[in-house]
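# Report on the structure
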Amino acid sequence: MTQNTFKNNLPWTEAHEAFCYQHHICPAAKSLWQWLMRQGQIASEIESDLSEFNATVAKSRGKPYAHNYLKKIFEILVSCRVLQVIKRYSWKIHKLLVRPLSWLNPPKNQRKKKLPKQ
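None of these values were measured; they are calculated from a predicted model. (Residues numbered from 1 in each chain as written. Predicted model: local features only at pLDDT ≥ 70, side-chain atom pairs only at ≥ 80, totals over all residues. Heavy atoms only, no water.)

When you go through the chain residue by residue, the secondary structure sums to six helices and three strands. When the elements of the chain are put in sequence order from the N terminus, they spell out α-α-α-β-α-α-β-β-α. Counting over 118 residues, the chain shows a buried share of 31%. For the chain, restricting intrachain contacts to residue pairs at least 6 apart in sequence, the fraction spanning at least 24 positions comes to 53%. Here the chain displays about 8800 Å² of accessible surface, and carbon together with sulfur accounts for 52% of that area. (Helix = DSSP H or I, 4+ residues; strand = E, 2+ residues; numbered from the N terminus. Buried < 20%, exposed > 50% of the residue type's maximum accessible area, 1.4 Å probe, protein only. Contact = heavy atoms within 4.5 Å. Areas by Shrake-Rupley, 256 points an atom, 1.4 Å probe, with all protein chains shown as cover.)

Spelled out as structure tokens, the structure:
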């Protein structure tokens, strides 16, 4: 029952799904993004250990992801600017900044109003 409360408290929206679809983010990378969002506040520094994520995934999936695949899905999120790596301690332990969705989408250009000359 506690897993359902985690899913309900997750600030995951249709806009996140659309971003994943637009940038071809695979379901494994999407689950890593959701897991990282649960670890701390969005737009604040967190220290993540990918082996903890792998242990969490192994409970629901039945087996953990391979190390090379874990590295690949992590790099997908970094290349899409979802994650900003502040410091790498090893291949699986990082200090990260999880970006909010509003930061990822470029701002819309607002039209400049032409003021009448005086």
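Close contact between helix α2 (residues 14-22) and helix α3 (residues 27-39) brings their axes to 11 Å; oriented N to C, the two are set at 140°. Accordingly, the angle class assigned to the pair α2 and α3 is oblique. Considering the relative orientation of α2 and α3, their crossing is right-handed. Residues H16, E17, F19 and C20 of α2 lie in contact with α3, whose contacting residues are K30, W33 and M37. (Axes fitted to C-alpha atoms, helices over the stretch in contact; angles between N-to-C directions. Parallel < 35°, antiparallel > 145°, perpendicular 65-115°, else oblique. Left-handed = near helix turned anticlockwise from the far one by under 90°.)

Turning to the confidence of the model for the chain, a few remarks are in order. Of all residues in the chain, 85% have pLDDT values of 70 or greater, and the mean over the chain is 86. Averaged over each element, pLDDT in the chain is lowest for helix α1 (residues 2-9) (52) and highest for helix α5 (residues 67-79) (95). (pLDDT = per-residue confidence, 0-100.)

Looking now at α5. With 13 residues, α5 extends 18 Å from end C-alpha to end C-alpha; this agrees with the ideal 18 Å at 1.5 Å per step. Buried residues in α5 make contact with α3, α4 (50-61), β2 (83-88) and β3 (93-98). Phi turns positive, to about 70°, at R81, one or two residues after α5. (Expected span 1.5 Å × (residues − 1).)

The next thing to look at is the side chain of N54. Of note, N54 is situated in helix α4. Owing to a relative accessible area of 8%, N54 belongs among the buried residues under this scheme. Once residues within four sequence positions are removed from consideration, N54 is found in contact with P64, Y65 and L70.

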